[in-house]
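Given next are the chains, with one letter for each unit.
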Amino acid sequence: MACSCLSTQRFAALAKAMSEQSFGSNQVSELNSLKAVCKKPHNENLKTLIDNVFIYTADLNNTVISDGWVLIHGKQIVALGKQGEQPTDFDKKVDGAGKLMLPGLVNPHWHESFVAPNFESPDDCNLEPTAYSNGGNIAALGSMFGFISTVGDKLTLEEGLAIARWSMWTQLRSGTTALGDLGSANKADSMALAAIDLGMRLRVSRWGSDVMLEADKASPTIIADTQLQTEDWLSLIETWDNHSSGLVGAMPSVMGAFGSSDKQLEALASITQQYKVPYATHLAPLKNERREVERVFGLSPIARFDAMGLLTDKLLAVHTAYASESEYQRLIETGVNICHSPAHYGMLGESTVSETGQIGRFLKEGVWVSSSTDGDISFIGGMCEAMRGAHLGHNEAQNCNTACPPTLALKTATLFGSKALGWEDKIGSIEVGKQADFVLINNDDYRYKLSGHPLRTFIVTGSSKDVDSVMVAGDFVVKDGRSTRFNEDELYQDYQKAVESARKRIGGPG
């Protein structure tokens with residue numbers, strides 16, 4: 001299924017031409033039109049009242065309105081309040097009875113990886129420790145991450161789009177209205193187009209990884225052309241940052257301190273300072289990383305980034321659990337955005353939450369730590385599950401039930417993530433002046449009958465499946481659990497065809 005602004009046949013022809021690098025000037029112009037439009041017009045004058053709903057705003061005051069309403073004019077929230085104070089001037093009314101309203105969930109750290117084959121067995125017979133377990137196998141991870149950075153080059157635009165639509169749909173369906181791509185096994189153009197098609201927000205990336213660290217080797221092994229990856233960052237920013245759709249921005253990323261040469265980190269610093277865009281990395285995520293990075297580069301992972309001028313309030317640093325005390329203080333001082341994936345660590349055998357307790361300490365000391373899902377080769381849960389991991393995991397690891405209470409867990413999945421993506425001024429909380437991004441969640445069944453804290457009940461007993469409707473920029477993109485733009489069965493069929501075609505030539509790490 002192609003975008004509404006081009007026929008399926010014409011889009012396929014453009015995608016084929018792009019994959020074969022055989023564009024003519026007319027095709028370039030047509031593809032640029034696709035990037036610029038590719039979204040049904042939104043009625044800027046429509047006034048919609050969401051009434052009779054239980055609202056958690058996730059604002060700085062943790063405002064809760066148990067029987068409230070929200071008025072949306074076009075894309076923006078223009079008023080909200082308690083029952084009895086509703087405006088009478090509106091065009092459309094939506095009854096929110098039996099629903100929780102939360103801000104649109106923000107997943108700032110995600111990897112689109114659905115092109116990879118899934119070899120898991122239903123009985124765990126093939127289960128072995130991953131390369132992330134037991135402190136991390138840095139050489140194996142470097143090889144794997146270097147390979148991932150090349151996969152997008154092996155996909156056609158059409159394949160990448162079909163794969164991205166399905167994978168990103170799984171996040172949108174679970175209430176995620178904004179994604180932060182931290183480097184994916186796909187094309188940036190395909191992912192950006194998929195976001196616009198689905199009606200969700202995306203910070204799209206190009207994953208930089210030009211070296212790997214091999215055991216007992218004193219210097220890094222070059223695995224990619226640094227200049228080509230740098231040029232990809234520039235193209236990414238010029239094409240997608242502050243895109244006219246209002247949904248897409250750019251976020252260059254590097255895999256981490258053990259996957260980038262000094263030259264690559266210098267290029268990242270230069271580009272992000274020039275263009276003032278957010279940028280991201282996995283920073284100090286594994287116990288064994290420090291030893292290997294110091295052995296080869298003479299500095300710890302965090303010290304390397306600091307020396308390059310990369311510790312700033314535009315950096316999104318993920319899994320940052322293994323900082324020294326001085327590095328911990330430096331991260332706070334420089335305003336680095338800390339992010340973690342609390343529902344994912346147990347799947348990979350990582351001990352990010354529990355071993356050092358640093359991320360829980362950040363939270364207790366008021367740092368705006370965001371939650372995320374990370375990425376995998378199939379759906380592994382959404383931000384509801386991530387909030388549960390944050391709420392229960394940090395309370396247990398910190399031995400205190402106030403370490404990450406439900407309203408703080410909600411902020412890690414909304415307001416804090418919006419700041420990390422550079423979008424705090426327009427999304428992340430339900431407030432007048434912000435864009436109308438929110439989710440409606442069913443809360444009228446047996447689980448909530450004796451609950452005095454419906455958000456806690458949702459976080460502890462709910463799931464992504466409980467999301468009923470999703471609005472982005474004033475437009476309902478999910479209603480009654482279904483996309484308002486696509487047929488889910490057709491999305492999946494397109495995905496299956498694309499991965500069958502793509503997997504034949506992708507290969508695997510050497």
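Going by an unreviewed UniProt entry, the protein chain carries the name Cytosine deaminase and comes from Pseudoalteromonas phenolica. If you open the UniProt record of the protein chain and go to Sequence similarities (unreviewed entry), you find "Belongs to the metallo-dependent hydrolases superfamily. ATZ/TRZ family."

Turning our attention to the packing of helix H13 (residues 383-397) against helix H16 (residues 454-461). When two helices pack together, you describe them by how their axes are tilted relative to each other and by the distance separating the axes. It is the contact of H13 with H16, at a shortest axis distance of 8 Å, that shows an interaxial angle of 100°. Relative to H16, the element H13 lies roughly perpendicular. Contacts between H13 and H16 involve Cys 384, Met 387, Arg 388 and His 391 on the former and, on the latter, Phe 458, Ile 459, Val 460 and Thr 461. Its residues placed into classes, the contact of H13 with H16 shows five nonpolar, two polar and one charged.

Another aspect to go through is helix H6 (residues 226-240). A rise of 1.5 Å per residue sets the reference length of H6, with its 15 residues, at 21 Å; its end C-alpha atoms lie 21 Å apart and thus fit the reference within 8%. Along H6, the residues classified as buried are Thr 226, Gln 229, Thr 230, Trp 233, Leu 236, Ile 237 and Trp 240. One side of H6 holds all its buried residues, which, seen down the axis, span an arc of 130°. The backbone nitrogen of Gln 227 lies 2.9 Å from a side-chain oxygen of the residue at the head of H6, namely Asp 225. Phi for Asn 242, located one or two positions after H6, is positive at around 50°.

What follows covers the UniProt feature "domain: Amidohydrolase-related" (unreviewed entry) in the protein chain. Summarizing the sequence annotation, UniProt attributes the feature "domain: Amidohydrolase-related" (unreviewed entry) to residues 101-477 in the numbering used throughout. Across residues 101-477, the secondary structure splits into 38% helix and 16% strand, with the terminal C-alpha atoms separated by 15 Å.

Attention now goes to the packing of aromatic side chains. Under the criterion given, the structure shown has 11 aromatic pairs. Geometrically, the ring pair formed by Phe 114 and Tyr 495 is edge-to-face, given 6.4 Å between the ring centres and 70° between the ring planes. Here Phe 114 is found in the loop between strand S6 (105-110) and helix H3 (138-151), whereas its partner Tyr 495 is found in helix H17 (residues 488-506), with 381 residues between them in sequence. Linked through ring pairs, Phe 114, Trp 166, Tyr 492 and Tyr 495 together constitute an aromatic cluster. The positively charged end of Arg 304 is found above the aromatic ring belonging to Phe 297, 3.6 Å away from the centroid.

You can see Asp 437 is positioned in the loop between helix H15 (415-420) and strand S18 (438-442). Within polar-contact distance, the side chain of Asp 437 engages the side chain of Arg 201 at 2.6 Å.

As a measure of interface size, the accessible area lost when the parts come together is often cited. Domains assigned within the protein chain are domain 1 (47-104 + 430-483) and domain 2 (106-120 + 128-421). When each unit is reduced to the centre of its C-alpha atoms, the spacing between domain 1 and domain 2 is 29 Å. Contacts between the two partners involve 33 residues from domain 1 and, on the opposite side, 28 residues from domain 2. Between domain 1 and domain 2 lies a buried interface of about 2,400 Å² when both sides are counted; carbon and sulfur atoms form 63% of it. Looking only at domain 1, the three residues that lose the most surface to domain 2 are Gly 104, Ile 459 and Ser 464, adding up to 24% of its buried area. Across the contact surface, domain 1 and domain 2 share one salt bridge.

With respect to topology, four strands assemble into an open sheet ordered S6-S7-S8-S12, the strand pairing being parallel. Sheet topology places S6 and strand S12 (248-250) at the edges, where each strand pairs with a single neighbour. Put simply, the sheet's adjacent strands are angled 15° from each other on average, direction ignored. Inspection of the sheet shows S6 paired to strand S7 (residues 176-181) by four bridges, in the parallel sense. Paired with Asn 107 across the strands is Leu 179, a residue of S7. Contacting S6 and S7, H13 runs over the sheet at an angle of about 80° to S6.

Calculation rules
- Residues numbered from 1 in each chain as written.
- Predicted model: local features only at pLDDT ≥ 70, side-chain atom pairs only at ≥ 80, totals over all residues.
- Heavy atoms only, no water.
- UniProt positions renumbered as here; feature names shortened; annotations may be inferred.
- Axes fitted to C-alpha atoms, helices over the stretch in contact; angles between N-to-C directions.
- Helix = DSSP H or I, 4+ residues; strand = E, 2+ residues; numbered from the N terminus.
- Parallel < 35°, antiparallel > 145°, perpendicular 65-115°, else oblique.
- Contact = heavy atoms within 4.5 Å.
- Nonpolar A, V, L, I, M, F, W, Y, C, P; charged D, E, K, R; others polar.
- Expected span 1.5 Å × (residues − 1).
- Buried < 20%, exposed > 50% of the residue type's maximum accessible area, 1.4 Å probe, protein only.
- Arc of directions from axis to C-beta.
- Polar contact = N/O pair within 3.5 Å; in protein donor to acceptor, adjacent residues only side chain to side chain.
- Phe/Tyr/Trp six-rings, centres within 6.5 Å; stacked < 30°, edge-to-face > 60°.
- Lys NZ or Arg CZ within 6 Å of the ring centre and 35° of its normal.
- Domains from an automatic or database assignment.
- Buried area = accessible area lost by both parts, 1.4 Å probe.
- Salt bridge = Lys/Arg side-chain N within 4 Å of Asp/Glu carboxyl O.
- Pairing = 2+ DSSP bridges.

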